[in-house]
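Letter by letter, the chains look like this.
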Amino acid sequence: MKSAISFALLIFLLTTLPVGAATIHVPDDQETIQAGVDAAEAGDTVLVADGDYNGNGNVNLSVSTQIILLSENGPDNCIIDCAENNAANGIDIQETVILNGFTIAGADTGIIIRNANDVNIVNCITNGNSVHGLYLIGCLRAIISNTQSTDNNCNAAQQGIGMRAENSDGTITDCIFSNNSTLGSGGGIWFGASDFIFEN
């Protein structure tokens, strides 16, 4: 899959975030992804090496700082595997963040974004999650591009398994939603009071 960052979001970050941002390498500088995120300041990049990440500090991640969370070589090579830990969420984003190049699998919800504006999810895969692949609530100008949400299956009457959005808006470009299922409605995508533009 292609790697792309919205030009508008890139300009926003370049003009609002501090100059002199650092790059924090996981696991070289910080042992876990969460430790890397916690060590980052606004504008920093947390660069995650190839690998299968699970266990404490690598699942149920919480991101509340304006950072770039980036894998070195894309989602086929950098997997956040929540299945062994019964993780509720793969990644919980609560700030303007660029998330680029991860597979998130085996969680209840792969990626949740809450009350955060201008979040960019690019070149990611959510796969094999049991409630939602992507869940947005209270988010404005979300950008989701070159991302796949596949094989997320819910055995309850839940709505929006591939993606669920409430009180949110944004654009969805060059994405694939496939083979998601639920006993409820909107196995692929479900929107409540939300407004998205779909392209390709």
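Rules behind the numbers
Residues numbered from 1 in each chain as written. Predicted model: local features only at pLDDT ≥ 70, side-chain atom pairs only at ≥ 80, totals over all residues. Heavy atoms only, no water. Phe/Tyr/Trp six-rings, centres within 6.5 Å; stacked < 30°, edge-to-face > 60°. Buried < 20%, exposed > 50% of the residue type's maximum accessible area, 1.4 Å probe, protein only. Pairing = 2+ DSSP bridges. Helix = DSSP H or I, 4+ residues; strand = E, 2+ residues; numbered from the N terminus. Salt bridge = Lys/Arg side-chain N within 4 Å of Asp/Glu carboxyl O. Axes fitted to C-alpha atoms, helices over the stretch in contact; angles between N-to-C directions. Patch = residues over 30% accessible without salt bridge, like charges linked within 9 Å, V, L, I, M, F, W, Y side chains within 5 Å. Areas by Shrake-Rupley, 256 points an atom, 1.4 Å probe, with all protein chains shown as cover. Lys, Arg positive; Asp, Glu negative; His and termini not counted. Charge placed at Lys NZ, Arg CZ, Asp CG, Glu CD. Contact = heavy atoms within 4.5 Å.

Counting across every chain of the model gives two aromatic pairs. Both rings, one in F191 and one in F196, keep their centres 5.0 Å apart while their planes meet at 20°; by these two values the pair is stacked. Judged by relative accessible area, F191 falls into the partly exposed class, the value being 28%. On the accessibility criterion, F196 (9% relative accessible area) is buried. With centroids separated by 6.0 Å and ring planes inclined at 35°, the aromatic side chains of F191 and F198 adopt a geometry described as tilted. Taken together through their ring pairs, the aromatic side chains of F191, F196 and F198 make up a single cluster.

Let us now look at the pairing of strand β6 (residues 78-81). Sheet topology places strand β3 (residues 51-53) next to β6; three bridges connect them, and they run parallel. Opposite Y53, over in β6, you have I80 as the bridge partner. Inspection of the sheet shows β6 paired to strand β9 (residues 103-105) by three bridges, in the parallel sense. Paired with I79 across the bridge in β9 is T103.

What follows is about the pattern of salt bridges. For side chains of opposite charge, pairing can occur when their charged atoms come near one another. Taken as a whole, this structure holds three salt bridges when the rule is applied. Here R114 makes a salt bridge to D92, at a shortest N to O gap of 2.8 Å. Taken together, the positions of R114 in strand β10 (residues 109-114) and D92 in strand β7 (residues 89-93) put the pair 22 residues apart, joining distant regions of the chain. Overall, the relative accessible area of 31% leaves R114 in the partly exposed class. Classification of D92 by relative accessible area gives buried; the value is 10%. Across the pair E166 and R164 runs a salt bridge whose closest N-O atoms are separated by 2.7 Å.

Here we come to the sheet that holds strand β17 (residues 169-173). Spatially, the eight strands line up as an open sheet ordered β1-β2-β5-β8-β11-β14-β17-β20, and their pairing is parallel. Strands with a single pairing partner mark the edges of an open sheet, and in this sheet they are β1 (23-26) and β20 (195-199). Adjacent strand axes in the sheet meet at a mean angle of 10° when their direction is disregarded.

On to unusual backbone geometry. In this structure, P27 follows V26 across a cis peptide bond, with omega equal to 10°. When you line up the elements, P27 lands in the loop between β1 and α2 (33-39). Of note, the phi angle at R141 is positive, near 55°, even though the residue is not glycine. Note that R141 resides in the loop between β13 (132-137) and β14 (142-145). By relative accessible area, R141 is classed as partly exposed at 44%.

This part is about a negative patch on the surface. Residues D28, D29, D50 and E72 make up a contiguous surface patch of negative charge. Structurally, the position occupied by D29 is in the loop between β1 and α2.

Time to look at the side chain of N89. Mapped onto the elements of the fold, N89 is located in strand β7. A relative accessible area of 16% places N89 in the buried class. For N89, the residues in contact, after removing those within four places along its chain, are V59, N60, L61, C82, A107, T109, G110, I112 and R114.

Remember, this is a structural readout, not a statement about activity or role.
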